[in-house]
Structure formats: structure tokens, C-alpha cells
Amino acid sequence: MEKPKMEAAVMDRPLSIRVEQVDIPEPQWDEALIRVHCIGICGSDVHYYEHGRIGRYVVEKPIVLGHELAGTVVSVGGGVTNVQVGDRVAVEPGVTCGRCEYCKSGRYNLCPDVVFMATPPVDGAWAEFVAVRSDFLYKLPDEMSFEEGALLEPLSVGFHAMRRANIKPEHTVLVTGLGPIGLLAMEAAKLFGVNELYGSDVVAFRRELAEEMGATGVVDPSQGPMEAQLSHLQGFMGFDVLIETSGNARAISDSIRLVKRGGTIVFIGLPAAETIPLDVAHLVDSELDIYGVFRYANTYSAAIQALSKGKQDIRRVITHKFPLHAIKDAIETARTHKDTSIKIMIYPDKHNV
């Protein structure tokens, strides 16, 4: 008997992607089958599409990309008790082993055996349905949209960064790079009570959106040293916390000059260069705390609770919406219109666009 089919966007080689009919996955004993309502395009998806690899992860066979999603439970395996058919859920896309020292210590984002959606050879969720281990599903409150549920994945990166920085409401914060991760890092800072929040980016559209979303101020790093541009701030001695999301080598090097003594820097963006110079003498003399961020851990429930009680609308980062059958246009927009697009959302059911 032939298995039931669904539509999925399949990439077979760089710059080549099309919607095909593939088997609907069958949920295992501990899994639920999710009908995907919407799913975002991430920078990593664009990179795989454009280059066919990210570091040691190489696309060697056709793959379905996409890992930022929310949808509805349509069936469950026999061992699933935490969700039921009809539940609206956000999906955490990295399923970890649960047994290694990192999982047991709560830092499961460092699990060496994680199975992460859309990371070769694992398929992602640019499709009508996806099967997910149920403990990586999070129920959405009635007042929270599917779009907000899908954005919990990139928001979680910023949420995790705030925890790494031990952020406090009284801190002054600078976010360098105002793409999707940077803008959502600013939203995460607001969830932690931060009011004095600045951003920097070379793209005017992104700076304008950051201001519209409530940034205290924005800076264009292409217009000269940022220290000089920020000197108009009364008593400016540096920021308490700097969140670097751009991966730009200069931004990384300059970061230690933009935080005050005793300040904190969190690096999120991955640079193209393997080595980047840092003034270690200044770092030591200023007793700076520097952290790296790799994905996130234990963020979804906390972010859902914080968002449901707040007034901010993270959906403002969504600049474009496409049905799944227009996936080629969608990913080309993400690839070639970085100056006018932030987060692009895909909808398997065209009626939900």
C-alpha cells in the first residue's frame, strides 16, 4: 500500500530547490505529527541553499531545509502524554540524546549527538507535516499566534544570550548587527526589562526598523568610529553589555572598546575568518566577561511565558510571506534582498499567507 504524500521543498544542489511529493512521516512511539502552519527562513537555510555546506556540514543528498516552525498536532505516538491532537505548538528543532554530561547538566545545546532539523543529513520542515519527539513541543497560549510560535526559535538565541550576560533591567545594552537575530536579541533584552537599548547596522532599513521597534538609538558603523558617534550620550563610558550578532570581523575586534570596565560581551555571529585580533591587554585591564552563544537551552517555556505577559509584538520582524509553492522566490528574496528583508515566513497552506 502506497504511503500518503505531502508537499515539501527539496534542495538537490546549491541554488536548486523545488516542491516535490514526499512521504508523510509516521510518528514514532514518542513523537507527534505536526501540520506545519508557518516556518521561517533562517540565514543558515540561505547559506546551505547558496553554498551547499556550512563548515563540516555538507549537503551530500537532497534535503528539506527549515527549522523555525509552529503548527498543530494531528496525531501522536503511543507513548506521548504531554500533547494531544488539536494542540497548537511551537517546535524546538534540536532533539538531544538526554544522556550525555551536557544534557544532564542542563546545557543540552552542547550535546554532541543532537539531531537538528535542516542540518545535513537531517531533513527540516519546509513541508506540510513533520514528526517531532514530543518533549520538544511547547503548547502555545490561545493569545499567541503561530507566527510568534515560529519566531520563538530565533528569539531563543537572543534569550539565551541575555542569560549568558546575566542581564539586568538597569543595564545599557548595544546590539551590533540588526538582522533577524539582532532585532530579536533586542526584543529578548526588553523581555528582561532593559530600557536603554541601542543597535548598529550598516543597512538603513534595519536601523529604521530597530527604532520603530523601540530602540533608544541606532548607529551606522560605516560612518566612522562608533565610540565617536556615541560620544553625544551624556557621560558615556561604554555599555554594560554588548551583544555581537553580525559576525563582522571589525565589529568583533571593536567590541571590547565599546563596553565599560567590568562589562560583558556576548558573541553570537560567526565570522568568516578563523582568527580575529583582540586587544587582550585591554580586555584583561578592563576585566571584561566574554561569552559565546551556541543556539540555546531551556528557553522556549520561559520565552512563551514572558511574551504572553508582555506588550511587544515580535512579528514586526516579518517583512515577507510566501506560500510553500513559491519557495524559490522566497529564498531568492532572502538571498538577494538583504537590504529590504528581515524575516521571511513560509506557509505550506497558501490560505494561511
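Residues numbered from 1 in each chain as written. Predicted model: local features only at pLDDT ≥ 70, side-chain atom pairs only at ≥ 80, totals over all residues. Heavy atoms only, no water.

An unreviewed UniProt entry lists the protein under the name NAD(P)-dependent alcohol dehydrogenase, with Paenibacillus filicis given as the organism. You can read under Cofactor (unreviewed entry) in the UniProt record for the protein the words "Zn(2+)". What UniProt states about the protein under its Sequence similarities (unreviewed entry) heading is, verbatim, "Belongs to the zinc-containing alcohol dehydrogenase family." (UniProt positions renumbered as here; feature names shortened; annotations may be inferred.)

Asks: Please give an account of the nonpolar core that cites residues and values.
Replies: Residues Ile41, Trp126 and Ile346 are the most contacted members of the largest nonpolar core, which totals 52 residues. Residues Phe116, Ala188, Ile268 and Leu307 belong to the second largest nonpolar core, which totals 50 residues. (Core = buried A, V, L, I, M, F, W, Y, C linked by side-chain atoms within 4.5 Å. Buried < 20%, exposed > 50% of the residue type's maximum accessible area, 1.4 Å probe, protein only.)

Asks: Tell me about helix 5 (residues 204-212), and name the residues and values.
Replies: Those residues of helix 5 not exposed but buried are Arg206, Arg207, Leu209 and Ala210. Each buried residue of helix 5 sits inside an arc of 160° when the element is viewed along its axis, so together they form one side. On its buried face, helix 5 sits against helix 4 (180-191) and strand 15 (217-219). A positive backbone phi angle near 110° is found at Gly214, which sits one or two residues after helix 5. (Helix = DSSP H or I, 4+ residues; strand = E, 2+ residues; numbered from the N terminus. Arc of directions from axis to C-beta. Contact = heavy atoms within 4.5 Å.)

Asks: Tell me what's going on with the packing of helix 3 (residues 146-164) against helix 4, and back it up with residues and numbers.
Replies: In contact at an axis separation of 8 Å, helix 3 and helix 4 are set at 60° when each is read in the N-to-C sense. Taken together, the axes of helix 3 and helix 4 lie oblique to each other. In this structure, helix 3 crosses over helix 4, and the sense of that crossing is right-handed. Where helix 3 approaches helix 4, its residues Leu151, Pro154, Leu155, Val157, Gly158, Phe159 and Met162 are matched on the opposing element by Ile181, Leu184, Ala185, Glu187, Ala188, Ala189 and Leu191. For the contact of helix 3 with helix 4, the residue count by class is 12 nonpolar, one polar and one charged. (Axes fitted to C-alpha atoms, helices over the stretch in contact; angles between N-to-C directions. Parallel < 35°, antiparallel > 145°, perpendicular 65-115°, else oblique. Left-handed = near helix turned anticlockwise from the far one by under 90°. Nonpolar A, V, L, I, M, F, W, Y, C, P; charged D, E, K, R; others polar.)

Asks: Got a sec to walk through the sheet that holds strand 1 (residues 5-13)? Specific residues and values, please.
Replies: Reading across from one edge, 2-1-6 is the order of the three strands in this open sheet, with antiparallel pairing throughout. Only two strands of the sheet have a single neighbouring strand rather than two, namely strand 2 (16-23) and strand 6 (63-64). Relative to strand 6, strand 1 is paired through two bridges, and the arrangement is antiparallel. In the strand pairing of strand 6, Val10 is matched with Val64. (Pairing = 2+ DSSP bridges.)

Asks: Now, about the sheet that holds strand 16 (residues 239-244): what can you tell me, with residues and values included?
Replies: The strand order across the open sheet formed by six strands is 15-14-13-16-17-18, and the pairing between neighbours is parallel. Edge positions in the sheet fall to strand 15 and strand 18 (289-292), since each has one partner strand and no second. Going from strand to strand, the sheet's axes swing by 20° on average, the running direction of each strand aside. For strand 16 and strand 17 (residues 259-267), the ladder comprises five bridges, and the chain directions are parallel. Residue pairing across strands places Val241 opposite Thr264, the latter belonging to strand 17.

Asks: Can you lay out the environment of Ile290 for me, pointing to particular residues and giving the numbers?
Replies: Tracing the sequence through the fold places Ile290 in strand 18. Once the C-alpha coordinates of Ile290 and Phe267 are considered, the two residues, 23 residues apart in sequence, prove to be 7.6 Å apart. Excluding its chain neighbours within four sequence positions, the residues that come into contact with Ile290 are Ile256, Ile265, Phe267 and Leu283.

Asks: Break down the pairing of strand 2 for me, citing the residues and quoting the values.
Replies: Each regular strand displays side chains that alternate between the two surfaces of the sheet. For strand 1 and strand 2, the ladder comprises eight bridges, and the chain directions are antiparallel. Note that in strand 2 the partner of Val10 across the bridge is Arg18. Hairpin remark: strand 1 followed by strand 2, antiparallel, with two residues in the connecting loop; positive phi at Leu15, about 65°.

Asks: Describe the packing of aromatic side chains, naming the residues involved and giving the relevant values.
Replies: Considering all chains together, one arrives at six aromatic pairs under this definition. An angle of 85° between the planes, with centres 6.4 Å apart, marks the rings of Tyr108 and Phe136 as edge-to-face. Here Phe136 lies in the loop between strand 11 (129-133) and strand 12 (137-139) and Tyr108 lies in the loop between helix 2 (101-104) and strand 10 (115-116), a separation of 28 residues in the sequence. Here Tyr108 and Phe136 have matching classes, each one buried. Here Phe236 and Phe239 contribute two aromatic rings whose centre-to-centre distance is 5.2 Å and whose plane-to-plane angle is 65°, an arrangement assigned as edge-to-face. Residue class for Phe236 comes out partly exposed when judged on its relative accessible area of 23%. (Phe/Tyr/Trp six-rings, centres within 6.5 Å; stacked < 30°, edge-to-face > 60°.)

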